[in-house]
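Tertiary structure, described
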Amino acid sequence: MIPRILVLGDVLETFSPLLTQDPPVAVLCDDTAAPLVMPRAVVVGVDLRAAGPGREATRLLRERSAAAARVVRTHPSVRHLVIVIVAGPQHEMRRRRAASAAATRRHMEFEREVGRDVEVTVLDVTGCEDAGCFAERLTEHTLDATGVHGVAVLGWSDIRTRSVSEAVHEAYF
């Protein structure tokens, strides 16, 4: 099995099963050279635990999502951009608003600049203690068809017991 997920940004603890299972379903890359020919998804980790509640968190989200967007643009096979964030328990609503704004910006850029639908999903995995379950949810999501949602922002509690698609459907439709 060839890994179909490119991972960049901060390597979060929840990524471990994606990168270590045999065979791995994901591979690390940077924002200038991606090692796969036909990736299906780009996943970017954003660790906000050390960031303050305001501008620093917003800046990190913009920087990491911009780096991921550069990779998406170079791979026409990518259909999903997943921004995975982890932060402290404080300022959850502010964090989700900033993540939603960054995701919406990227989604609109893809439609305008590359003329294809790339779904952008933000998963806030703060409090996730089951990396294996997270890896299953993420892998399953990257295999889903695109065009279901443009942008979605979900927390770990939204996907702990169900798929990302089910959580998106319940939250947005």
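Heads up: the structure comes first, above all this text.
Because the structure is a prediction, the values reported are computed rather than measured. (Residues numbered from 1 in each chain as written. Predicted model: local features only at pLDDT ≥ 70, side-chain atom pairs only at ≥ 80, totals over all residues. Heavy atoms only, no water.)

Let us look at the packing of aromatic side chains. Following the criterion strictly, the structure yields 1 aromatic pair and no others. Ring geometry for F15 against F134: centres 6.5 Å apart, planes inclined by 25 degrees, an arrangement best described as stacked. Remark: F134 occurs in helix α4 (residues 131-143) and F15 occurs in the loop between β1 (5-9) and α1 (16-20); sequence separation between them is 119 residues. Neither F15 nor F134 differs from the other in exposure class; each is buried. (Phe/Tyr/Trp six-rings, centres within 6.5 Å; stacked < 30°, edge-to-face > 60°. Helix = DSSP H or I, 4+ residues; strand = E, 2+ residues; numbered from the N terminus. Buried < 20%, exposed > 50% of the residue type's maximum accessible area, 1.4 Å probe, protein only.)

Together, E129, D130, E136, E140 and E166 give the surface a local cluster of negative charge. Within the secondary structure layout, E140 lies in helix α4. (Patch = residues over 30% accessible without salt bridge, like charges linked within 9 Å, V, L, I, M, F, W, Y side chains within 5 Å. Areas by Shrake-Rupley, 256 points an atom, 1.4 Å probe, with all protein chains shown as cover. Salt bridge = Lys/Arg side-chain N within 4 Å of Asp/Glu carboxyl O. Lys, Arg positive; Asp, Glu negative; His and termini not counted. Charge placed at Lys NZ, Arg CZ, Asp CG, Glu CD.)

What follows deals with helix α2 (residues 55-74). When the terminal C-alpha atoms of α2 are compared, their 29 Å separation across 20 residues agrees well with the 28 Å that a helix rising 1.5 Å per residue should span. All buried positions along α2 are accounted for by A57, L60, L61, R64, S65, A66, A67, A68, A69, V71 and V72. In this fold, the buried residues of α2 make contact with β1, β3 (41-47), β4 (80-86) and α3 (92-114). (Expected span 1.5 Å × (residues − 1). Contact = heavy atoms within 4.5 Å.)

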